[in-house]
Amino acid sequence: MKHKTFPLCWMLLLASHLCLAQNLYIAGNGINGNGDYSLGQFDPTTCIYCEEFVLPNSLFSSGMTDVVALPNGQVLVWGAGGEFYIFDPPNPTPLVTVNLNGTNQFFAGGLLMPNGNVYISGFLLQGGNFISKLYEYNTTTNTVSEVGNLPANQFLSDLFFWNGQLYGFVTDETNVPTTYHLSLVQLGPPITLTVQETYGSVFCGAPTASITSGPNAGIYTGALDQNCSGSDLFEFDLPNNSTSLVCEILPTGYPYGLSAVPSGFPPRRLAAHARQMQAA
């Protein structure tokens, strides 16, 4: 439906007319020589990106790993090393800072759960070994707690919901060689993984998010882009295990975070400019 490629030609447009019903929230870097992160809303139908604010990469000791748009209009971002921030766009000053550096915990992708909290995949370094875990960020108390361990030697990366089920991409080191799965995640206890698809080689690790209803419903990802082109956004057909190109998501560059925009998230009439890739 939206499967187009576009030349690198930008048109600047008024955000007040374009940023009213965006469906994805994106954090990407490469916007300047410092690798800072641009965050904003992206409409996968029109391929219009509305930048809301910019964050310096110095906020993250090991890079940003994901972003989640919250129903109250705020945005949660976190880094692999354990830095969590909540922002109220377009203000780049964090409302909340939680720093878990030094705890031997590392964090990857996540998503907003129906209870309003955020589930995040991660790892704990213990006794020289990495233990894959699922964590929960409580958006009311701004605390991070463990939900549980994953099966041994199976490491969860990004998560998404589809048809009421929780899915995740898994690196399975149970056997040699390592295999890579898309698995159904059942919370238990214990947490169990049911393989849905198996891949012979690792795919590029861009984030994944799903829009569960409406005209733009679908699973959006860069994680299944075998060409590692970085700025391409794909739509993932779960039953058929196939992808189709939506469009490039420049100017954000490689996506370091991808989230569905939840119901109730306010439009940004004054916070941003919009950019659209135009066909020749």
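Since this is a predicted model, take the numbers as computed values, not measurements. (Residues numbered from 1 in each chain as written. Predicted model: local features only at pLDDT ≥ 70, side-chain atom pairs only at ≥ 80, totals over all residues. Heavy atoms only, no water.)

### Some remarks on the confidence of the model for the protein chain
Here's step 1: When the pLDDT values of the protein chain are averaged, the result is 80; 78% of them are 70 or greater.
Here's step 2: Contacts for the low-pLDDT stretch residues 1-18, under 50 throughout, to residues beyond four places or in other chains number 57 contacts.
Here's step 3: Below a pLDDT of 50 lies the segment residues 269-280, which in the model reaches 52 contacts outside its immediate sequence neighbourhood of four places, other chains included. (pLDDT = per-residue confidence, 0-100. Contact = heavy atoms within 4.5 Å.)

### Quick word on the sheet that holds strand 10 (residues 118-126)
Each strand in a sheet pairs with its neighbour through backbone hydrogen bonds, running either in the same direction (parallel) or in the opposite one (antiparallel).
Here's step 1: Taken in spatial order, the four strands make up an open sheet running 9-10-11-12, and their pairing is antiparallel. A single partner strand is all that each edge strand has here, and the edge strands are strand 9 (105-112) and strand 12 (143-149). In this sheet, neighbouring strand axes are inclined to one another by 30° on average, regardless of whether the strands run parallel or antiparallel.
Here's step 2: As paired strands, strand 10 and strand 11 (residues 129-138) are joined by nine bridges and run antiparallel to one another. Within strand 11, the residue paired with Val 118 across the bridge is Tyr 137. (Pairing = 2+ DSSP bridges. Helix = DSSP H or I, 4+ residues; strand = E, 2+ residues; numbered from the N terminus. Axes fitted to C-alpha atoms, helices over the stretch in contact; angles between N-to-C directions.)

### So, unusual backbone geometry
Here's step 1: With an omega dihedral of 10°, the bond running from Pro 89 to Pro 90 counts as a cis peptide bond.
Here's step 2: Of note, Pro 90 is situated in the loop between strand 7 (83-88) and strand 8 (91-99).
Here's step 3: Look at the link from Gly 188 to Pro 189: it is a cis peptide, with omega at 15°.
Here's step 4: Inspection of the secondary structure assignment puts Pro 189 in the loop between strand 15 (179-186) and strand 16 (192-199).
Here's step 5: A positive phi angle is found at Cys 47, which is not glycine, with a value near 60°.

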